[in-house]
Amino acid sequence: LWRRTLTTKLALGAALLFAAPRRSVVTLQQRRDPRADGQLGLAAALQNIVERGEAATLDEAQTVLSQRGHAASLQKLVDSGEAATLDEASKLAGQRARAASLQKLVDS
């Protein structure tokens, strides 16, 4: 039995070795900045909000996106059971933000 297991593992290892995609060599100059990718994603998200008619300008779209993110973070607190209502979640988030800013003052 152990021989079959070992043979199977060796066969699978060899199959994975030969089936693995080949990676091309990327020089430092060819690497993309991940922050640039994030900025491209943000620009696309803002443009989509404008194209759907939810905002007239990219600045308004930024406000819409920010409000959605805030609402999602509050809903996450409710869903996790840390808060019973969205009002309670808002208060909790405010307390945490204040505590974080005070801790930042202490740490600096």
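These numbers come from a predicted model, not from an experiment. (Residues numbered from 1 in each chain as written. Predicted model: local features only at pLDDT ≥ 70, side-chain atom pairs only at ≥ 80, totals over all residues. Heavy atoms only, no water.)

**Q** So what's going on with the nonpolar core? Residues and values would help.
**A** In this structure, Leu46, Ile49, Ala55, Ala61 and Val64 together form the largest nonpolar core, which totals five residues. Secondary structure elements with two or more residues in this core: α2 (34-51) and α3 (58-79). When neighbours within four sequence positions are excluded, Ala55 is seen to be in contact with Ile49, Val50, Glu60, Ala61 and Val64. (Core = buried A, V, L, I, M, F, W, Y, C linked by side-chain atoms within 4.5 Å. Buried < 20%, exposed > 50% of the residue type's maximum accessible area, 1.4 Å probe, protein only. Helix = DSSP H or I, 4+ residues; strand = E, 2+ residues; numbered from the N terminus. Contact = heavy atoms within 4.5 Å.)

**Q** If you had to explain the pattern of salt bridges to someone new, which residues and values would you point to?
**A** Tallying each qualifying case throughout the model produces three salt bridges. Glu54 serves as the salt-bridge partner of Arg68, at 2.0 Å between the closest nitrogen and oxygen. Here the residue Arg68 occupies a position in helix α3, and Glu54 occupies one in the loop between α2 and α3, the gap between them amounting to 14 residues. With relative accessibility at 37%, the residue Arg68 sits in the partly exposed group. Between Arg96 and Glu82 there is a salt bridge, with the nearest N and O atoms lying 2.2 Å from each other. Here Arg96, found in helix α4 (residues 86-107), pairs with Glu82, found in the loop between α3 and α4; they are 14 residues apart in sequence, far enough to count as distant. (Salt bridge = Lys/Arg side-chain N within 4 Å of Asp/Glu carboxyl O.)

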